[in-house]
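Chain by chain, the residues run as shown.
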Amino acid sequence: MKKVVLAFLALLLLSYGAKAHADEIVFGAALSLTGKLAKEGNLVKSGYELWKEMVNKKGGIKIGNKKYKVNIKYYDDESDPNRGAKLVEKLITEDKIKLILGPYGSESVFATSAITEKYGALMVQGGAAADKLYTRGFKNLFGIYTVATEYMDDILEMLRNKSPKPATVAIIYSNDLFSAQVAQGAKKSAEKYGYNVVLYKDYPKGTQDLSTVIVEIKGKNPDIILGCGHFQDTIVIVKQSKDYKVNPKALAFSVGPALPDFVDSLKSDAENVLGAAQWTTTLKYKDPVFGSNTEFVKAYKAKYKEDPAYHAAGGAAAGVIFQRAIEKAGTKDDIAKIRTALSNYSEETLYGKIKFDQTGKVVGKGMAVIQIQNRSQRTVYPEAVAESKAVYPKPAWK
Amino acid sequence: MIILQILVNGFLLGGFYTLIGVGFTLVWGVTNIINLAHGAIALLGAYITYFIFQYWHLDPFVTLPVSFLSMFLFGYVLQRYLMNLVVKAQIFMLLILTFGLEIFLVNFMTTFFSADFKSVTPDYAGSSLVLGDIVIPYIRLGVFAICVIVTLLMSFFLDRTWTGKAIKATSLDIEAAMMSGINPAKIYALTFAFGSGLAGLSGSLLSLTQAFSPNIAGGLTLRAFIVSILGGLGRIEGAFLGGLVLGVVETMSSYVIGESYKNAIAFGLMVLMLIIKPSGLLGRKYYAEVKH
Amino acid sequence: MLIKKLFLFLIFLLILVFLPFVISGYWLRVLTQTFLFAAIATGSNIIIGYTGYPAFGNIAFFGVGAYVTGVLMTKYEMGFLATLPFSALAGIILASILGIPILRLKGHYFAIATVGIMETIRELVDNMTELTGGGLGLTLPIMQGEPEFIYKYFYFAMLICLVFALLISFVVSKIKLGYALKAIRVDEDAASVMGINTPLYKTAAWAVSAAIVGVCGGIYAYWLSYIDPHTVFVGTYSVKMFAMILLGGGTTVIGPMLGAFILELISEVVWSKFIAIHGMVLGLLIIFIILFLPKGLFETFKGGFSFKKLFSNLRENKL
């Protein structure tokens, strides 16, 4: 017992904070580097790292006439939001960091932003899209993802003007916070644009077989199928739609087609599938740090030997926006001033034209619509940035 | 007509469930180990098929023996040099041990193969046999056929070969088996090897019909649980029946009650089975129950 | 001997009571989490360690407790503390109803039945969207006040919960129930023959255990302020809890708590240094515990450390 008490105290003493150098600005991030969100967490981290590298190569963040190097302190939340909250607490109280780069995933941002809010620290996040994040009256959270309820709006808007004009929509969604909100928004958008929603159905998160749902959809024969779920569900839906010869005029997903693995997994079956994308590699935006989105993609490819996914771009963009706000505020310590700079922020970045409303969520950015054509993701909407024309109606499965 | 299609889907799905359950139930029945790492081992098999397909473009069905044999060896070593060391301890020690193994394997796969979802899609994926209004995808039909063949082979092996009989004898009465010259350490290792090999096989087939990542390991193990409980411990035919029942119940309940309830119904069915008839639909007493 | 132990425990407790005034928010949170696990492990140990029934899915009651508190606070606008008795009650009722049929099962069958129950309840909660928010989760009212105050509040709430759990566990071990449970653990048939009403005692043990775990869930829900089915019906907590009980020793009152402290603090301090591979390290650690320390750290090394003791389990249980 005595030994336990001693060992326990010794463990407590083992904790100590990292010391910041005078000429650097330290950001903190508690990301999912292991566990079920490890992939996305690591992508976001790659984005942060690339941004850090780029800024430091250019001398650092400029405040007045002095340039400060960027340093980022990372922790792993093991894909557990509660652990993430604990670690952000550690970043703020132990490491004395008040500039927090967000984690990936709505649950994690939800839990960790409550901590930053309590301590008056700032969080800029490029990793979560739930509407719920912005209905809590928080002042210190800024997010650059278009929110879940607007995810499918652009796809439905695009399809409305195609001929033969689609009239019916089937919406299926995974029963989790993000997907359910995407589906709610999709249903609202569909009704707004005058579609007839013939099927609106949820399925358990992480399900491995959807044959019954697919057969039901086949019975309704809708013009558009909207899948609001996660990568694995998307794969199952595509495979089983082909298995059971379900041939809608358009097959669209909230998550999946925008990820590079999508084509790898489905090969030619991925052709002509539509997807909503927060961001794509081909968008022609300018960027204050990287120069342009194209330059960002080039730099990313040079460093990581692969195309960036939107998670990585979101991470880099969050860094860029944080940096620009600090530069505009002209201080690295006065949180209130930086917050004001973020509230008034309006600039074109690699992620699009970023502007926040008073709840801290990005407004007017919209979603790009992509389609798999010849095994690569092509931006097909909005027309101003489109690389090619959308294939519609989708040819029947071979 | 839709009902008939859903019934067919249920049987095809059940074929896969059988395969995931058959190795699990064998190990449980004979060695009394609930192998919580079963799903993780299945995924190792899935990765073998995936990598061979990705780099050498070999047909996934051709890779089945590779994944069976590698997991067979892996299972043998695991039982012989790890599990056998503490096999006589309290049963839930072994339960936790296999869980430690599961955590290790899942994280190993996440570290080295990444947490990305993978899937194997050969050119013929999606082609189907059409009989009137009923559609039967060839791949699922292939999976079903393999499952039937494997089930038959396994029961033939257990009933007709010396090793198979030794396994059965050990499962029924370990002391008597030892007296007749059977080395239980080897038999246990062999049984676990078969269980793992079958898991690997089912993983390879899984890679064809859905996307997988290390994180679905637990879900696969749970399905194997349900199949074993429904069918009755240690019985190959039991796993077959259990798999089909689970497949049909899942698809039917998903149609009649709602897709989102299908997991609740599958687990509820298992709990109900445990309450009403823990020995399963085809149950009989095995070593596992006699001793504990 | 007991006096000395009690004295040491009181000193330990006293340190814990004063710690929040010297340590930072982060460590407060770590300790709060540790108390949570310690309380869950202590509560679950009544059925697992005392009675010898491996309730692998005992976290089901944690989830139920969390949702009872969550639903009562949001839909019926009850105060937080007022909901906790209901969380406990929900655990008791559920364990009593399920206990009769489920506790007839032994060993693996029981373990699996509890897992099945956990999964079934989670799926049902997931589908009761009207009441529980389903997959959308449930947002509890956020506690008002300074962050410092809120952290201390939950720290002490969890600490009190842990002390209660220990007290209940201690009392159970000293009354007739405790002796009956021990008899059941050693040989249930014999206990039955001796006239012990085994179904009654087993169910009572499970209900007590469920009540404690349920209250833990209730506090956790309010602490986290957002719950969804997958964050409170979480299988990995079951495993952690089991590893803690094993490490600390399941036949004692304080064993599970010590196991919780060791595992949680090790994970906090050591594993944060092995970010990429700590999952593998956790797996190996569990395998290590089972191979070498199945009776728990303290029981195995009673009277000093030796390698011989480390390998005794392998000698005894090898095939």
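Look up a bit, the structure's there.
Engineer: I'm lost on the overall build of chain C in this one. Help?
Structural biologist: Broken down by element type, chain C carries 17 helices and two strands. The C-alpha radius of gyration of chain C comes to 20 Å, within 12% of the 20 Å expected for a compact globule of 319 residues. Structurally, chain C occupies a C-alpha span of about 55 × 45 × 40 Å along its principal axes.

Engineer: I keep staring at the interface of chain A and chain B and nothing clicks. Help me out?
Structural biologist: Often, the extent of an interface is quoted as the loss of accessible area on bringing the components together. Each partner contributes to the interface: chain A provides 32 residues, whereas chain B provides 32 residues. For the side of chain A that touches chain B, the element with the most residues is helix α8 (residues 231-243) of chain A, which contributes seven residues. A per-class count over the side of chain A that touches chain B returns 11 nonpolar, nine polar and 12 charged.

Engineer: Would you mind showing me how to read the sheet that holds strand β16 (residues 368-373) of chain A here?
Structural biologist: Two modes of strand pairing occur in sheets, parallel and antiparallel, and in both the strands are linked by backbone hydrogen bonds. Residues and elements named next belong to chain A. Taken in spatial order, the seven strands of this open sheet run β8-β7-β9-β10-β11-β16-β17, and their pairing is mixed. This sheet does not close on itself; its edge strands, each paired only once, are β8 (196-203) and β17 (376-381). Within this sheet the neighbouring strands show an average axis-to-axis angle of 25°, counted without direction. Pairing analysis gives five bridges linking β16 to β17, with the strands arranged antiparallel. Along β17, the bridge assignment pairs isoleucine 370 with threonine 379. On the sheet, helix α6 (residues 177-192) packs against β7 (168-174), β8 and β9 (224-228) and is oriented at approximately 170° with respect to β7.

Engineer: Before we go on, may I ask you to explain the packing of helix α11 (residues 310-329) of chain A against helix α12 (residues 335-343) of chain A in this structure?
Structural biologist: For any two helices packed against each other, one specifies the inter-axial angle together with the distance between the axes. Residues and elements named next belong to chain A. Across the interface, α11 lies against α12 with an axial gap of 8 Å and an inter-helix angle of 115°. Taken as a pair, α11 and α12 cross one another with a handedness that is right-handed. Packed against α11, whose contacting residues are Ala325, Ile326, Lys328 and Ala329, the element α12 presents Lys337, Ile338, Thr340, Ala341 and Leu342 at the interface. Here the contact of α11 with α12 is composed, by residue class, of six nonpolar, one polar and two charged.

Engineer: Could you clarify how one ought to interpret the environment of proline 184 of chain B in this entry?
Structural biologist: Along the polypeptide, proline 184 of chain B turns up in helix α8 (residues 184-209). Dropping the residues within four chain positions of it, proline 184 of chain B is found in contact with Thr170, Ile174, Ala177 and Met178 of chain B together with Leu319 of chain C.

Engineer: What's the story with the interface of chain B and chain C in this structure? I'm lost.
Structural biologist: With 41 residues of chain B at the contact, the number on the chain C side is 40 residues. Looking at the side of chain B that touches chain C, the elements that each hand over two or more residues are α4 (91-113), α8, α9 (217-231) and α11 (262-276) of chain B. Per element, the largest residue contribution to the side of chain B that touches chain C is 15 residues, and it comes from α4 of chain B. For the side of chain B that touches chain C, the class distribution of residues is 30 nonpolar, 10 polar and one charged.

Conventions adopted
Residues numbered from 1 in each chain as written. Chains lettered and ligands numbered in written order. Predicted model: local features only at pLDDT ≥ 70, side-chain atom pairs only at ≥ 80, totals over all residues. Helix = DSSP H or I, 4+ residues; strand = E, 2+ residues; numbered from the N terminus. Rg over C-alpha atoms; globule rule 2.2 N^0.38 Å. Contact = placed C-beta atoms within 7 Å. Nonpolar A, V, L, I, M, F, W, Y, C, P; charged D, E, K, R; others polar. Pairing = 2+ DSSP bridges. Axes fitted to C-alpha atoms, helices over the stretch in contact; angles between N-to-C directions. Left-handed = near helix turned anticlockwise from the far one by under 90°.

So far we have only geometry, and geometry alone does not tell us how the molecule works.
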